[in-house]
Structure formats: C-alpha cells, structure tokens
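Spelled out, the chains give:
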Amino acid sequence: MINLYGQEIKKLEELLISRGQKKFRATQLFSWIYEKKVTDFDEMSDVSKTFREELKRDFCLVQPKIFKKQVSNDGTIKLLLELEDGSKVETALMPYNYGNAICVSSQVGCNMACAFCASGLLKKKRNLEVHEMVGQILVMNKLLEERNERVTHIVVMGTGEPFDNYDNVLDFVRIANHPKGFAIGARHITISTCGIVPGILRYAKEGLQTNLAISLHAPNDEIRNKIMPISKGYPLDKLMEAVRFYEREAGRRVTFEYIMLKNVNDSIEHAKELVKLIKGTLAYVNLIPYNPVDENSFERSPDKAVHDFMSYLMKHGVNTTVRKEFGNDIDAACGQLRAKEHYEEERRKN
Ligand code: SAH
C-alpha cells in the first residue's frame, strides 16, 4: 500500500504516468486530499470509477493517531502521536500573534546526543516517512478547525535531525509549500539543523526560499564539543564556511540558535567571541531560554545575563531576538513528553 500523503507531487506524477495515468491526476488528487480534505477515495467524484478502484486497491490515506494531548492555558497544543508501527512522536503547535507555528519531528528519537536536549535521551529508532511528517500537520489542522484556524508556519525543530533524514524532509517541505498541498509560503517554513555541513551545502542548492536555522549554542569549539558531539565531526570553521556558502548560493541569511546556559556559554566574554565568530555573515541570533530537563544538570541563565548578552550583540551590529516561550504548564520542552511516556511504559513492563 502506498500512503498518498507521502507522495511529493512530481514523484506522484511520475508514479501515475508509470501506471498509465495522465499527469494532471496528481494535481487532482492533491486537491482532493489537501484542499477538500477528503479521506475516502469514493468521495473523489470527478475521478473515474476504474481509477478509484485502483486507488483503493494500491493506495491508502492513513494518518497518525493521537495518543496523548496536552493543551496549555496559552493555547499551545502538544501531541504525542502514535504511528502505524507503534512508534511515538511529538508535535507541538505554538500560537504566535502572526499565525500558528507547528513544530514538526523528523525522526523517531535522535542520534545527535546534544547534552542539554531531552529528545536525544532516546536514540534514533528510525527516520520518519514523508507521510508521517505530513500527518503531523493533518492532525493539527483537524484540531485547529475548532478554532476556525489552520497551521500557517512550520518549524522542523521537533525530535530528530532533519539533515539526517534529508530526502524525506525535503519531500515534506515541498508538499507543505505546494499551492495544491498545504500552500504554506516558503518563508513560513524553517528547517533547523545542529550543523551537518554536507546537508547545509546541499540545501543551499535546492533553490528554496525557506529559512534555515543553525543550532550553534557555543562561541568556540571547546564549549561546543562539550555540549554538541556533532561539533567534533564538523568544527566551527567548517560550519561557518558552509553558512557563507549558503548565504551566497541561496541568497538567504541563516538564524543562529543559541541556548543560554548558566555558567556555560552566557558571559560577556562569550558574547564577544560570538560576535567575532559570526562577523561577515548576515546572520541573526535567536537566544533561547533553556527549558530544564530532569535528566541533566544544566541551568537556565538569569534574565540579566540574557539581557546583557543581547545588548552586547546588538551594540556590535548583530540582530538579536529572544525566543518567546510557550506552554510552561505542559511538557513543552523538546522530547519531554515522549521520553516521559517511554519511561512510564518501561516501568509498567517491569
Ligand atoms: N536537530 C535539529 C532540530 C531539533 S532541536 C537541531 O539541532 O537544530 C530544535 C532546537 O531546540 C535546537 O536549537 C535545539 O538545540 C533546541 N533545544 C534542545 N533542547 C532544548 C532545551 N532543553 N531547551 C531549549 N532548547 C532546546
């Protein structure tokens, strides 16, 4: 069975042509499943009966199931979704004043092992299929119907490293961006990477107008090696080279994500080093208040440290923002809901 939600439109066209169908059928199917939100092939009234029978025989329209749902006072929705093989992934909806941003997971677990992150507590089990990323939007849109709203922005910042699942993530982005798909503008789509250099170089050439965020989190290799093992494979000079290449090739600036960790990377000395490091790029810096995770001992930087750090960057010509926080009353930190559920399941088994 081929899950139709996993088919990028160009690939679907090729698939249908190889089955003796006309190319326009792909757009027709997209329009039924994404615009008209039909989940039953029999409702596709302008599709011939014989082709409908073929679709019913070889294709399906399966979506993830909601296993757990948490809704915060501020409207944040956090879901733990169950996939067909029983795997569970998190997805979250953050209601900004400019729209609804969904935080999409790209893998079941993650192998990047960043010291501060709850997602990496559980190693990667597998990559997510295209339809499993598309499914996160479908399920969220269904919930948002109640509010007469829909997902308007996507950040691929949930569990997993998107550039460790490159092809599937790209197909997902194309479906999200396509006018007959979710029709979400490229500039409303952001992919976040921990700094996989070959992925950045490849992404630079895709000709997409999407945003790229890079999880930097440290102003030098010494600190970065301690908190982000990926840094040993792709040290900062190589990463910065890739960023400059991306800026030239894609004509887009990147955002550097920088989690403020108390006594680790949050002093004015670190800010100075950071300014030097990113000088010559057009990048923004997004300072992230650390979301405490029970399993490690990092602490959040005091507000004053964040403020001073930001002022220093701004004074030295670096555009800086501080990330807005959501869902403080629910398990909103990346991977926390899934890790908790996993540990509870283990406990029940023993
Ligand atoms: N693997 C990708 C995307 C997933 S992580 C990446 O590394 O960018 C998404 C973002 O959340 C990253 O910037 C990550 O460093 C950050 N993050 C992870 N754990 C966090 C925590 N406990 N508090 C705040 N941000 C966290």
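Each value, and the rule that gives it
- Residues numbered from 1 in each chain as written.
- Predicted model: local features only at pLDDT ≥ 70, side-chain atom pairs only at ≥ 80, totals over all residues.
- Heavy atoms only, no water.
- Helix = DSSP H or I, 4+ residues; strand = E, 2+ residues; numbered from the N terminus.
- Buried < 20%, exposed > 50% of the residue type's maximum accessible area, 1.4 Å probe, protein only.
- Lys, Arg positive; Asp, Glu negative; His and termini not counted.
- Salt bridge = Lys/Arg side-chain N within 4 Å of Asp/Glu carboxyl O.
- Polar contact = N/O pair within 3.5 Å; in protein donor to acceptor, adjacent residues only side chain to side chain.
- Contact = heavy atoms within 4.5 Å.
- Domains from an automatic or database assignment.
- Buried area = accessible area lost by both parts, 1.4 Å probe.

Things to note about the environment of L170
Relative to the assigned elements, L170 resides in helix α5 (residues 166-177). For the pair L170 and I191, spaced 21 residues apart in sequence, the C-alpha separation works out to 9.7 Å.

Regarding the side chain of R252
Examined against the element boundaries, R252 turns out to sit in the loop between α9 (236-250) and β12 (254-260). Despite its burial, R252 remains without a salt bridge, the nearest opposite charge being carried by E247 at 11 Å. Within the structure, R252 has its side chain in polar contact with the backbone oxygen of Q209 (distance 3.2 Å). Leaving out residues up to four positions away in the same chain, R252 has contacts with R187, Q209, T210, N211, Y246 and E247.

Let's talk about the domain arrangement of the protein
Much of the literature gives interface size as the accessible area that the parts lose upon coming together. In terms of domain boundaries, the protein breaks down into domain 1 (2-60) and domain 2 (65-349). Placing the centre of domain 1 and that of domain 2 at their C-alpha centroids yields a distance of 33 Å. Contacts between the two partners involve 13 residues from domain 1 and, on the opposite side, 13 residues from domain 2. A combined buried area of about 1,200 Å² lies between domain 1 and domain 2, and 67% of that area is made up of carbon and sulfur atoms. Contact with domain 2 buries area across many residues of domain 1, yet Y5, E8 and Y34 alone supply 39% of it, more than any other trio. Connecting domain 1 to domain 2 are 2 salt bridges. Among the salt bridges present, the one from K11 reaches D171, with a minimum N-O distance of 2.8 Å. The tally of links between domain 1 and domain 2 comes to 2 residue pairs in polar contact (both at pLDDT 80 or more). Counting only elements with at least two residues in the side of domain 1 that touches domain 2, the list comes to α1 (9-18) and α2 (24-35).

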